[in-house]
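Summary of the model geometry
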Amino acid sequence: MSTSSDGPRILPDAESAREAIETESVVVKRHGPFVGLREKWDGLPRQGQWAWMLLVVALAYALPYLNVFPLTTEPGNDWPLACFSMAVYALVAVGLNVVVGYAGLLDLGYVAFFAVGSYTSALLTSPDSPLMKIPYLWTLPVGMAVAMIFGVILGVPTLRLRGDYLAIVTLGFGEIVRILATIIPAMKGQVGFQNVGHPPGTQADGIPIFANSNGTPWYWLTLTIIIIVTLLVGNLERSRVGRAWIAIREDEDAAETMGVPTFKYKVWAFAIGACVGGLSGALFAGQVGFVNNQKFDVQTSILFLAAVVLGGTGNKVGALIGGAIVAYIPLRFTAIADYKYLIFGVALVVLMIYRSQGLVPAKVRLLAYARKVRHRDAEPPAPAVRRGGTTEGAAS
Amino acid sequence: MLDLLLTTHPVLDNSWITLDFNALAQNFWSATFDGLTFGAIYGLIAVGYTLVYGVLNLINFAHSEVFIVGAYGVVMTLTALGFGPSAPTIGIGSIIADLLLALIVGMICSALMAFLLERIAYRPLRRRNAPRLAFLITAIGASFAVQYLIFVIRGANAEPAVTMFVNSPVFNVFGTIIFSQQIIIVIAAIVLMVATDLFIRRGRTGRGIRAVAQDPDTATLMGVNKERIIVITFVLGGLLAGAAALFYVMLVPSGVIYNGGFILGIKAFAAAVLGGIGNVRGALLGGLLLGIIGNYGQILLGDSQWADVVAFVVLVLVLLIRPTGILGTALGRSRA
């Protein structure tokens, strides 16, 4: 978070905030169930990492068929559909992680972009809509583009605000989109749009492959998209843009002073986050086949945020895991489904107090040349250097 | 692109947004007085946001739950005292006594909620020197947890309506009837705000609050007990939210529902920002203004849901043009 502001600020809290960040990064380095795992992972040669990654991906693709006891959902919830739901939440979390995790902008209205994607997809494919019809798969890029435009429209006026004001303004934006979907007659409010399109292809018996009740193909489609998006986001993270985001997150004033055009990169973070949100919204609309104004409330936004924070803010693997968990738990334990918001609310508080870095903490490393530096440092066994903040650069 | 399609397509091009100036002109004064009444409630809640923001630099999202807990306290007290959907037939003296009791219970419930919130959620974070994002996320998490705790206990339905007294017309201004309710709410809110303002500007504790808002470390060095001041700030905000809860139940008898505080809280925060966050007088001014503007917007655009949209748009515009709000000066900088 930044330490100074455009807005009215009362406490000159630069000192305490910096101390807080420093203590925070120390905590990040020392704790975590995945720390040993990460060191092992970092120690593997590139080929080994690829092999493990392929195994994980293969397992992920096989997930709809792993309907075995500890994993499976309780009766009444279809397992492949649950897989799809987990995948959509994971995709949303990856997108929100760009905004909250990388750039440190607290967006409480992320569901608005999800809604924009869903409505775009519905308006362009549903027979209930008077607009021209295009094939469903084309609505994915169109939904992304429209959501991105909304992201820029929201971002340009509001991103000049700092931290907490941004939070309240995005929350308001989320509400505005939901209310507009209710008020504008063309958006059909609670009636909504039936028979949203789906990708082409039918089985031998004439039933579409991408039927609403058949979660597996939808899950595979979403998983493929997740892999592509994660790779792209990972590349961005390691690029100039990603370094700028992390600099903004750590200290916006310092970033600005060092010549980072902070406003531009904040808008970029917003636009890219919105883009992924729109994409997941379009996927969701296609699978459910029905879009109305009921799904896009503040609660869902907070659930998305809970997914990112739970997984580990600033870590895309964490975001994937967090998203999947948030979607999975209410389906796995239907007895507690009514309590899900209570549980996630308490989880947010407890996590912030005891483990603010989430399940999978963000990596601590030099941003640009991680591998090179790590290998150079690994030769002399000097953990102090590797752990120290000075040679490693910014803690991420 | 969507916009383009919406305007060019013959079916979608029906008038979903109409500016009905005629209706606004006709209902101008009643809209103003209704807006003032709601605005007074926003203002009372906004003080809680402003005080906590002044002292901790934290948007206390859970303040809306502090408010709604107070509203539950008020409704339950009144129901226990025999109030129901229709106005009671007892004497005016006993009504006043009952309302005062409900007010006290509401204030205690809210203050207790605020105190617990501070102890359970925020204090451990301060101990750990957590970054500011952690505070915000905790606030949201706490807000959610309390909301759905109420949901689990009281269910998804609103509490049964409670009418406190016959809302009788008192006098006529600009051809608009002013009701007893409106007078009671606005005057009581102003009295409470003046008392709060005096408490912060005059008293020893108030000086402590201002000192901590200005510079917590120096205040501590000067012998101010920072932790105590923070607790007092939360409790003070809670007391006012509890009072607001009574007026809210008076105005919207069937509005006490588990998530009823959330949007109201956001609008109250918008009011605090509008008036200048960290400024107690600004909170009341912002609340009244936001109430009026929202009401005008809703009549002008013809749907009650527009009130929220208008309120948020106004908030964004104010932040862009004057980020410190209308009155601007912060709690810590107001003169001793």
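Residues numbered from 1 in each chain as written. Chains lettered and ligands numbered in written order. Predicted model: local features only at pLDDT ≥ 70, side-chain atom pairs only at ≥ 80, totals over all residues. Heavy atoms only, no water.

Where we set the bar: UniProt positions are given in the numbering used here, feature names are shortened, and annotations may be inferred rather than shown by experiment.
Under the annotation held in an unreviewed UniProt entry, chain B carries the name Branched-chain amino acid ABC transporter permease and is attributed to Microbacterium protaetiae. The record in UniProt for chain B states the following under Subcellular location (unreviewed entry): "Cell membrane".

The name recorded for chain A in an unreviewed UniProt entry is Branched-chain amino acid ABC transporter permease, from Microbacterium protaetiae. Regarding chain A, the UniProt comment filed under Subcellular location (unreviewed entry) reads as follows: "Cell membrane".

Details of the UniProt feature "transmembrane region" (unreviewed entry) in chain A
For clarity, the cut-off: Helix and strand labels come from DSSP, where a helix needs a run of H or I of at least four residues and a strand needs a run of E of at least two; each type is numbered from the N terminus.
In the numbering adopted here, UniProt assigns the feature "transmembrane region" (unreviewed entry) to residues 50-67, 79-100, 136-156, 165-187, 218-236, 267-290, 302-329 and 341-357 of chain A. The annotated region residues 218-236 of chain A carries 100% helix and 0% strand content, and the separation between its end C-alpha atoms amounts to 27 Å.

A closer look at the pattern of salt bridges
Heads up, the rule is: The term salt bridge refers to a pairing of a side-chain nitrogen on Lys or Arg with a carboxyl oxygen on Asp or Glu at a separation within 4 Å. Here's how the labels work: a residue is buried when its accessible area is under 20% of the maximum for its type, exposed when over 50%, partly exposed in between, all with a 1.4 Å probe on protein chains only.
One pass over the full model with this rule turns up 11 salt bridges over all chains. Note that A:Glu237 is salt-bridged to A:Lys316, the shortest N-O span being 3.4 Å. Of this pair, A:Glu237 sits in helix 8 (residues 215-238) while A:Lys316 sits in helix 13 (residues 316-332); the two residues are 79 residues apart in sequence, bridging distant segments of the chain. The two residues A:Glu237 and A:Lys316 agree in class, both being buried. For B:Asp308, the salt bridge goes to B:Lys267, with nearest N and O atoms at 2.7 Å. With a gap of 41 residues between them, B:Asp308 in helix 13 (residues 306-321) and B:Lys267 in helix 11 (residues 260-275) connect regions that are remote in the sequence. In terms of burial, B:Asp308 and B:Lys267 fall into one category: buried.

Here's the deal with the packing of helix 4 (residues 79-102) of chain A against helix 9 (residues 240-250) of chain A
Residue and element names in this part refer to chain A. Note the following rule: Only the stretch in contact is used when a helix axis is fitted, and all axes are lines through C-alpha atoms; the angle between N-to-C directions ranges over 0 to 180 degrees. Each angle receives one of four descriptions, namely roughly parallel if under 35 degrees, roughly antiparallel if over 145, roughly perpendicular if within 65 to 115, and oblique otherwise. Note on contacts: a residue pair qualifies if any of its non-hydrogen atoms lie within 4.5 Å across the two residues. Classification convention: Asp, Glu, Lys, Arg as charged; Ala, Val, Leu, Ile, Met, Phe, Trp, Tyr, Cys, Pro as nonpolar; all other residues, Gly among them, as polar.
One way to put it is that helix 4 packs onto helix 9 with a least axis distance of 9 Å and a crossing angle of 50 degrees. By the angle class used here, helix 4 and helix 9 are oblique. For the pair helix 4 and helix 9, the contacting residues are Val98, Gly101 and Tyr102 in the first and Trp245, Ile246 and Arg249 in the second. Grouping the constituent residues of the contact of helix 4 with helix 9 by class yields 4 nonpolar, 1 polar and 1 charged.

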